[in-house]
Amino acid sequence: MRMIPASLVRSFWTLADQGVVSLGMFAINIQLARTFPSQEYGTFVFFLSVLLALQVVNVSLIQYPLSVDGTVLDPTKRRTLAGSAVLLTAGSLLPLSGLLALVGYGLGMPEMIGPTVLYFIVWQVQEIGRRGLMAGLKHDQALWGDSLTYLGQVVVLNLMALGGHLTLERVFVAMTGPALAGAVVHFSILRPGFGGLSDLPAVCRRFWSIGHWALANNLFLMLRVQSLVWLMAAMDGMASTAAFQAVVNLVNIANPIIIGMGNLVPQVAARGRSAMPDGGGAPHPDEKAWLAIRGYVVIGAAPLLVYYSLALLIPDQVLHIVYGTASPYADQELPLRLLSIGALTGYLAEMVCSYFYGVQRSQFALVVNVVGTLAVFAAVGPLAAMYGVAGVCMALLFSSVLRVGAAQYYLSKTRTAHVAR
């Protein structure tokens, strides 16, 4: 009997782990959308978008370099590198938390500062433990802590809602406890090493050399979507932000595949790039990396086609099932169709950009995402003014199409250069 291909095994655990994370966030958003008035749910969405924006710093400068460098190290050296990453994460928390506090004061909501800062700190600790495990392609072990974190948050929030104790100020406090429990599980498995403190400056320089392009890239990628949350809040208030997020929630059901593959592809590409010796007619290292990730991209694309086809064909039924027929979000069929097409095309761009990360050509991914972000900025103003939430979704679809074109251009250019050599 043939053994199961390693790509399928890794894909399964990657999707299972990311599925737990995305399912948890999806369930939290649906619970709050059905519980809170639009104004309060929009406020939660706004603060969550700020947290995601701040996390870009750690994802780019710490978590991504750890994934790329750690995946090719032996377990002992990987644990030492993970320990350095933990220390760098701790150093980032004070300035990032300060920015979060400024947002709370700027919005005139000082009561939200304490809960959001507390959750952000614990969440970042949990995330670096998770990424440390993923650097060794141990997605199956990361699943334990992630399940405790994200499914635990769903349970706690549902219990609070049933008891009538769920308020906007208590949401982030309730999410902190499960995140802390998940962090404990991650660190008990990872066991990061903290013996190499003298190497910390060198690690910091190395992480910066790998991650500075990713930081610029991820900032543009983040602004492409999160700035629309802020724009809706500024133009029409938190209720419009809630309506936009309600559609995004449904599109994000497929995030386990898109994000999971985005987490896996750079590591597979990095390993594929160094798996075989060069010379003697062997393919260029970047070409070897592309050959290594192609199967994963196809595996991820199949279920996306199924789900987004349903969202395109029966958007009204999808909205009614999730939010109810009397929901203020039940009439968002056109936005759901537009975002579904945009997500399907955007998957292709995401996979190519993830490949660029794995072969340390993040500058190409940066150009792709700059193109997408500038396209959103150019189109969203007039479209949002004319069509509201649907106009914002039109701008995102336009952006996704341009990103696919730019990604294909740089991929073709790179591979053509390999053939020429």
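Here's a quick rundown of the structure. As a convention, each chain's residues are numbered from 1 in the sequence order in which they are written. It should be noted that, the model being predicted, local features are given only for residues of pLDDT at least 70 and side-chain atom pairs only at 80 or more, the latter also being counted only at that level, while totals for whole chains, interfaces and linings use all residues. Think of the side-chain values as coming from all heavy atoms in the structure, minus any hydrogens and water.

### Observations concerning the overall build of the protein chain
By the criteria applied, helices consist of DSSP H or I runs no shorter than four residues and strands consist of E runs no shorter than two, each listed in order from the N terminus. A tally of regular secondary structure across the protein chain gives 14 helices and zero strands. Helices (α) and strands (β) of the protein chain occur, in sequence order from the N terminus, as α-α-α-α-α-α-α-α-α-α-α-α-α-α. Within these notes, the globule rule equals 2.2 Å times the number of residues to the 0.38 power, and the radius of gyration is based on C-alpha atoms. Relative to its length of 421 residues, the protein chain is compact, with a C-alpha radius of gyration of 21 Å against a globular reference of 22 Å. Reported as C-alpha extents along the three principal axes, the dimensions of the protein chain are approximately 65 × 50 × 45 Å. Buried means the residue's accessible area, taken with a 1.4 Å probe over protein chains only, is under 20% of the maximum for its type, while exposed means over 50%, and partly exposed covers the values in between. Burial status across the protein chain gives 55% buried among its 421 residues. When checking whether two residues touch, look at their non-hydrogen atoms; a contact exists if any pair is within 4.5 Å. At a minimum sequence separation of 6, the contacts of the protein chain that also span at least 24 residues come to 82%. When the accessible area of the protein chain is evaluated, it comes to approximately 17,300 Å², of which 69% is carbon and sulfur surface. For the protein chain, the distance from the average position of its 24 positive side-chain charges to the average position of its 18 negative side-chain charges is 12 Å. Method for areas: the Shrake-Rupley scheme with a 1.4 Å probe, in which residue coverage is limited to the protein chains shown. Counting rule for charge: Lys and Arg are taken as positive, Asp and Glu as negative, and neither His nor the chain ends is counted. One atom stands in for each charge, and that atom is NZ of Lys, CZ of Arg, CG of Asp or CD of Glu.

### Thoughts on the packing of aromatic side chains
Note on aromatic contacts: the rings of Phe and Tyr and the six-membered ring of Trp form a pair at centre separations within 6.5 Å, being stacked when their planes are under 30 degrees apart, edge-to-face when over 60 apart, and tilted otherwise. Scanning all chains against the criterion turns up twelve aromatic pairs. Judged by centre distance (5.9 Å) and plane angle (40 degrees), the rings of Y119 and F172 are tilted. Of this pair, Y119 sits in helix α4 (residues 113–135) while F172 sits in helix α6 (residues 168–190); the two residues are 53 residues apart in sequence, bridging distant segments of the chain. Each member of the pair, Y119 as well as F172, carries the same accessibility label: buried. Ring centres of F364 and Y410 lie 5.1 Å apart, and the angle between their planes is 25 degrees; on these two criteria the pair is classed as stacked. One end of the pair, F364, is in helix α13 (residues 362–387); the other, Y410, is in helix α14 (residues 389–420), and 46 residues separate them in sequence. Through successive ring pairs, a cluster of aromatic residues spans Y41, F44, Y119, F120, W123 and F172.

### Quick look at a nonpolar patch on the surface
Like charges are joined within 9 Å and nonpolar side chains (Val, Leu, Ile, Met, Phe, Trp, Tyr) within 5 Å, but only among residues with over 30% relative accessible area and no salt bridge; these make up the patches. Any carboxyl oxygen of Asp or Glu within 4 Å of a side-chain nitrogen of Lys or Arg constitutes a salt bridge here. On the surface, V306, L310, L313 and I314 cluster together into a nonpolar patch covering about 380 Å² of accessible area. Within the secondary structure, I314 sits in the loop between α10 (285–313) and α11 (315–323). Taking the relative accessible area as the measure of exposure, I314 reaches 30% and is therefore partly exposed.

### As for helix α5 (residues 139–162)
Multiplying 1.5 Å by the residue count of a helix minus one yields the expected span of that helix. Helix length check: α5, at 24 residues, gives a terminal C-alpha distance of 33 Å against a target of 34 Å (1.5 Å per residue), a fit within 8%. Two axes enter the bend calculation: one fitted to the seven residues ending at the residue in question, the other to the seven starting there, and the bend is the angle between them. Along α5, the largest kink reaches about 35 degrees and is centred on D146. Turning to α5, its buried residues number three or more, namely H139, A142, L143, G145, D146, T149, Y150, G152, Q153, V154, L157 and M160. Phi turns positive, to about 75 degrees, at G164, one or two residues after α5.

### Section: the packing of helix α2 (residues 38–70) against helix α8 (residues 238–251)
Fitted lines through C-alpha atoms give the axes, limited to the stretch in contact for helices. The angle between two N-to-C directions lies from 0 to 180 degrees. Running from N to C, α2 and α8 cross one another at 70 degrees; their axes reach a closest spacing of 7 Å. The orientation of α2 with respect to α8, classified from their angle, is roughly perpendicular. As for the relative orientation of α2 and α8, their crossing is left-handed in sense. Two secondary-structure elements touch here, α2 through S38, Q39, Y41, G42, T43, V45 and F46 and α8 through M238, A239, T241, A242, Q245 and N249. Split into classes, the residues belonging to the contact of α2 with α8 amount to six nonpolar, seven polar and no charged. We call two directions roughly parallel when the angle between them is under 35 degrees, roughly antiparallel when it is over 145, roughly perpendicular when it lies between 65 and 115, and oblique otherwise. Each crossing gets its handedness from the near helix: less than a right angle anticlockwise from the far helix is left-handed, clockwise is right-handed. Note that Gly is not counted as nonpolar here; it falls among the polar residues with everything else outside the nonpolar set of Ala, Val, Leu, Ile, Met, Phe, Trp, Tyr, Cys and Pro and the charged set of Asp, Glu, Lys and Arg.

### Considerations on α8
Between its terminal C-alpha atoms α8 stretches 20 Å, which fits the 20 Å expected from 14 residues at 1.5 Å a residue. Counting buried positions along α8 yields 13 of 14 residues, so the element is predominantly enclosed.

Just distances and angles here, no functional claims.
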